[in-house]
There are 2 protein chains.
Amino acid sequence: MGERNIKALQECGIRVTPQRAHVWGVLAESGGHFTAEEIWERAGALLPGLELSTVYRSLEALGDAGLVAESRLPEGPRVFEARSSSHPHLVCVVCGGISHPDADDIGRRLLETLNAASEGFEVSEMHVAGRGVCARCAADG
Amino acid sequence: MGERNIKALQECGIRVTPQRAHVWGVLAESGGHFTAEEIWERAGALLPGLELSTVYRSLEALGDAGLVAESRLPEGPRVFEARSSSHPHLVCVVCGGISHPDADDIGRRLLETLNAASEGFEVSEMHVAGRGVCARCAADG
DNA sequence: CTTATTGCAAAAAATTTGCAGGTAA
DNA sequence: TTACCTGCAAATTTTTTGCAATAAG
């Protein structure tokens, strides 16, 4: 499901297989964050017989191709998402939801801030996870 | 080994055992970052028979007491360290070494930066890991 | 004394790997 | 055709848990 998804893989120069296309489809069409197991469940619903190990291998290939980014949050297994730019993750300690800051230049700002404070160490990439309370949970009380 | 270490545990109000004292000793006396297994090896050298599961349980107790902080770096198992203030980690992609930025207010600065960009989400705690090249490896060429 | 902690063993959770057959380019 | 990818099975790695014995306060 997704001419567009297949095209994205082709353009990256990686071999296109149904498994990879569906793994990518889950991430690209939802825009959300998923563990390998969640991706496996969703993609597997459309592609019976899909193995979890294949999902891991697909995610690695997609990551190498630059389409997918992975994050390690303060708790739980790794999560994967369609790569946009490098950005922080906000994990709500109440509902567990994962979101992103509004400002889309925040990644660059944080990188500049960190680099300025790290004399002698050239930071090229940053992994940021904030823990706190999201607006909805704060409103609920 | 370490009246001082034992005192630190007592002051936190947690039960003092040789196991906890040695686990804490490894972190407090070195100031470095260690995986649970590394702590187990070091503490176990001084306390034969120490179990890895006990190290994990000790780390949890020390963490709850506020003495120890844990981090999840972009790769590898969790690392633990004596807690100072919340600060970023810098992982060198060449030598694998873990260090901290020079500026000691960087943790607060990053938190303010992130909070300002996250309207509606109250960030209380931040996990930051930068990847790049440390000064030594940059110099080596 | 009373409750928390440990060692031991086993399990759970997360991820990786070897290999033989199948498939994309 | 030819190298790469997949399913399948099994192994690794990292972390957690149950339980009886032990030790801390």
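What counts and how
- Every chain begins its residue count from 1, and numbering advances along the sequence as written.
- A letter from A marks each chain and a number from 1 marks each ligand, given out in the order of writing.
- Where totals are concerned, whole chains, interfaces and linings use all residues; where local detail is concerned, this predicted model gives features only for residues with pLDDT of at least 70, and gives and counts side-chain atom pairs only at 80 or more.
- With hydrogens and water stripped out, all remaining heavy atoms of the structure feed into the side-chain values.
- For helices, the fitted line uses only the C-alpha atoms of the stretch in contact; every axis is such a line through C-alpha atoms, and the angle between N-to-C directions lies from 0 to 180 degrees.
- The helix and strand labels rest on DSSP assignments: H or I over at least four residues marks a helix, E over at least two residues marks a strand, and numbering proceeds from the N terminus.
- Angular relationships are summarised with four words: roughly parallel below 35 degrees, roughly antiparallel beyond 145, roughly perpendicular across 65 to 115, and oblique for the angles in between.
- Less than a right angle of anticlockwise turn of the near helix away from the far helix marks a crossing as left-handed, whereas a clockwise turn marks it as right-handed.
- Any two residues whose heavy atoms approach within 4.5 Å at even a single point are treated as in contact.
- Residues are sorted three ways: Asp, Glu, Lys and Arg are charged, Ala, Val, Leu, Ile, Met, Phe, Trp, Tyr, Cys and Pro are nonpolar, and all the rest, Gly among them, are polar.
- Two parts placed together each lose some accessible area; with a 1.4 Å probe, that loss summed over both constitutes the buried area.
- A side-chain nitrogen of Lys or Arg and a carboxyl oxygen of Asp or Glu constitute a salt bridge if their distance falls within 4 Å.
- Pairs of N or O atoms are called polar contacts if they sit within 3.5 Å, as long as, within protein, a hydrogen donor faces a hydrogen acceptor (for residues adjacent in sequence, only side-chain-to-side-chain pairs).

Novice: Looking at this structure, how should I read the packing of helix H5 (residues 106–116) of chain A against helix H5 (residues 106–117) of chain B?
Specialist: The geometry of a pair of packed helices is captured by two quantities: the angle between their axes and the separation between those axes. Viewed as axis vectors pointing N to C, H5(A) and H5(B) meet at an angle of 165 degrees, and their least axial separation amounts to 10 Å. Relative to H5(B), the element H5(A) is oriented roughly antiparallel. For the pair H5(A) and H5(B), the sense of crossing is right-handed. Along the contact surface, H5(A) presents Ile106(A), Arg109(A), Leu110(A), Thr113(A) and Leu114(A), while H5(B) presents Ile106(B), Arg109(B), Leu110(B), Thr113(B), Leu114(B) and Ala117(B). In terms of residue class, the contact of H5(A) with H5(B) is built from seven nonpolar, two polar and two charged.

Novice: Honestly, the packing of helix H2 (residues 18–30) of chain B against helix H3 (residues 36–46) of chain B in this entry has me stumped. Any pointers?
Specialist: Residue and element names in this part refer to chain B. Contact pair H2 / H3: the axes reach a minimum separation of 9 Å and the direction vectors enclose 120 degrees. In terms of axis orientation, H2 runs oblique to H3. Our pair here, H2 against H3, has a crossing hand that is right-handed. Mapping the contact onto sequence places His22, Val23, Val26 and Leu27 in H2 and Ile39, Arg42, Ala43 and Leu46 in H3. Tallied by class, the residues present in the contact of H2 with H3 amount to six nonpolar, one polar and one charged.

Novice: I tried to follow the interface of chain A and chain B on my own but got confused; where do I start?
Specialist: Each side of the interface is counted separately: chain A has 37 residues, and chain B has 37 residues. Summing both sides of the interface, chain A and chain B together bury roughly 2900 Å²; the carbon and sulfur share of this comes to 58%. Counting the surface chain A buries against chain B, the share from its top three residues, Arg72(A), Phe121(A) and Arg131(A), is 23%. Across the pair Glu125(A) and Arg131(B) runs a salt bridge, and its minimum N-O distance is 3.1 Å. In this structure, the connection of chain A to chain B is made through 18 residue pairs in polar contact (both at pLDDT 80 or more). Put simply, the parts of the chain that give the side of chain A that touches chain B at least two residues each are strand S3 (89–92), H5 and strand S5 (122–133) of chain A. The leading source of residues in the side of chain A that touches chain B is S5(A), at twelve residues. A class-by-class count of the residues in the side of chain A that touches chain B yields 20 nonpolar, nine polar and eight charged.

As far as function goes, none of this settles anything; it's purely spatial.
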